[in-house]
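Structure assessment
One letter stands for each residue in the lines below.
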Amino acid sequence: MGIDQNFVDALAARARAAEELRRLPDETISEVIASGFLEALVPKRFGGQEEKFPAVLDPIRRMAHGCVSSAWTLGFYALHNWLLALFPEPAQVEGYGRGPFLCPAPLAPTGRGIPVDGGVLLSGRWSWATGVMNGNWIMVGALCGPTDDLYLALALLPADGVVIEDVWHTEGMRATGSNDVVIENLLVPEHRLVRVLDIYSGNTPGARLHDSTTYRWPLVPALSLAASMPALGAAERATEIFAERLEGRILYEGGTRQRDKPMAQAHLGQARVRLRASHGLLADTVAEIEALLDAGTPVPVPVRAEARLAAAHIVRESRTVIADLLHASGASVHFSDHPMQRLKRDVDVLSGHVVFDYDTARELAGATAIGLKVPRAAML
């Protein structure tokens with residue numbers, strides 16, 4: 001995977017233009033395809049690298065040092081390449097076989113799949129379709145089956161049959177191009193459907209097809225941990241910028257350097273220890289899941305709940321670090337071209353993702369830890 005410092009620097013150089021464009025620039029798409037990053041979790045039989053799932057976490061985090069929106073979008077493209085590997089084999093042949101698989105995946109079940117011969121007839125409207133402006137496939141959540149026997153599934157179809165509605169006018173995460181999509185009466189063959197409960201548990205057609213623990217990771221830990229990485233990377237970059245500013249910033253009141261102020265030093269120390277704690281939590285969470293999978297043990301619900309909470313906590317801590325450092329940096333960081341304010345706006349918006357709902361994540365982790373039942377539809 002070629003996510004090196006040059007790639008990160010290029011994302012940083014394009015961050016403002018990407019924000020104004022409200023989608024990823026074509027150059028970014030071309031460079032990430034050339035880097036091989038999107039193939040990290042693609043099975044070897046389809047020309048991919050078949051890395052262990054955690055291999056994508058660090059590159060996503062580092063990309064956020066350049067542009068949080070880009071890291072979020074490219075991270076999800078990589079994650080959705082992994083999701084494709086969980087579908088039945090014919091869907092994988094189609095998706096991987098047509099060149100780079102660039103697939104937005106609004107997973108909320110806001111569509112309906114009516115059974116027809118050979119599959120379902122899909123209709124609906126989906127919001128938050130990250131990366132849809134550059135996508136060539138789309139994956140959506142839908143309630144499928146007859147009315148008296150509904151099941152939640154992911155449906156995969158080419159993007160050329162989708163209508164994109166331009167609604168993405170936000171304060172942050174603008175470059176993700178997360179517009180709405182509308183689908184009306186499109187046939188989705190049976191082989192392009194996979195049940196969500198099977199993905200939650202790591203028991204999918206792809207998990208049985210590919211001999212790798214990568215494809216037995218349960219969905220919610222995978223999604224939440226990958227999606228938390230742009231926030232962690234943003235907090236790291238904010239801390240770097242704050243430390244760099246301390247040396248040269250002269251305070252108007254008193255004419256002293258900010259680096260000599262004890263409170264400025266305290267802000268920096270607090271940010272650094274919070275980041276270290278987040279890294280430790282991430283490493284412990286990943287190690288526990290990997291150990292279970294290596295032993296051939298399915299990841300139990302309490303561990304999945306703890307992983308979701310860990311991701312939500314990392315995002316919460318990252319957001320706090322950025323807000324604290326921004327507050328301590330003076331008025332000049334609020335100019336629209338300053339990276340500090342972009343970091344804050346982007347993380348404020350991404351923290352609204354449902355998987356990072358801190359109250360829900362804490363409740364589910366606590367309830368499952370003591371053996372209580374949780375709703376069947378809970379994201380675990």
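Numbering of residues begins from 1 in every chain and follows the order in which that chain's sequence is written. Only residues with pLDDT of 70 or above have their local features reported here, since the model is predicted, and side-chain atom pairs are shown and tallied only from 80 upward, although totals for entire chains, interfaces and linings are computed over all residues. No hydrogens and no water enter the side-chain calculation; it runs on all heavy atoms of the structure.

With an unreviewed UniProt entry as reference, the protein is termed Acyl-CoA dehydrogenase, source organism Nocardia jinanensis.

The next thing to look at is the side chain of Asn134. Working definition: helices are DSSP H or I runs of at least four residues, strands are E runs of at least two. Numbering for both runs from the N terminus. Tracing the sequence through the fold places Asn134 in the loop between strand E2 (119-129) and strand E3 (137-144). Burial here depends on accessible area, computed with a 1.4 Å probe over protein chains only, as a share of the maximum for the residue type. Under 20% is buried, over 50% is exposed, and the range in between is partly exposed. With relative accessibility at 14%, the residue Asn134 sits in the buried group. Every residue pair with non-hydrogen atoms within 4.5 Å of one another is taken to be in contact. If near-sequence neighbours (up to four positions away) are discounted, Asn134 is found in contact with Arg23, Leu24, Asp26, Ile29, Tyr77 and Leu102.

Turning next to the pairing of E2. Here strand E1 (residues 111-116) pairs with E2 via six bridges, running antiparallel. Within E2, the residue paired with Gly113 across the bridge is Leu122. Strands were regarded as paired on the criterion that DSSP finds at least two bridges between them. The hairpin turn running from E1 into E2, its antiparallel successor, is two residues long, and Gly118 in that turn takes a positive phi close to 90°. In this structure, E2 lies alongside strand E6 (residues 179-189), joined through eight bridges in antiparallel fashion. Residue pairing in the sheet places Leu121 in a bridge with Leu187 of E6.

For Trp128, which is not a glycine, the phi torsion comes out positive at approximately 65°. Relative to the elements of secondary structure, Trp128 occurs in strand E2. The class for Trp128 is exposed, based on a relative accessible area of 62%. In the Ramachandran plot, Met173 falls in the positive-phi region, its phi being about 55° despite a non-glycine side chain. Residue position: Met173 is located in the loop between strand E5 (163-165) and E6. A relative accessible area of 2% places Met173 in the buried class.

Salt bridge, as applied in this entry: a Lys or Arg side-chain nitrogen positioned within 4 Å of an Asp or Glu carboxyl oxygen. For the structure shown, the criterion picks out 20 salt bridges. A salt bridge links Glu89 to Arg45, with the nearest nitrogen and oxygen atoms 3.3 Å apart. Linking Glu89 in helix H5 (residues 89-97) with Arg45 in the loop between helix H2 (26-35) and helix H3 (57-63), this pair joins segments that are 44 residues apart in sequence. Overall, the relative accessible area of 35% leaves Glu89 in the partly exposed class. Put simply, Asp348 and Arg319 hold a salt bridge, and the shortest N to O gap is 2.8 Å. Remark: Arg319 occurs in helix H10 (residues 301-327) and Asp348 occurs in helix H11 (residues 339-350); sequence separation between them is 29 residues. Each of Asp58, Arg61, Arg62 and Glu236 takes part in salt bridges that share partners, so that together they form one network.

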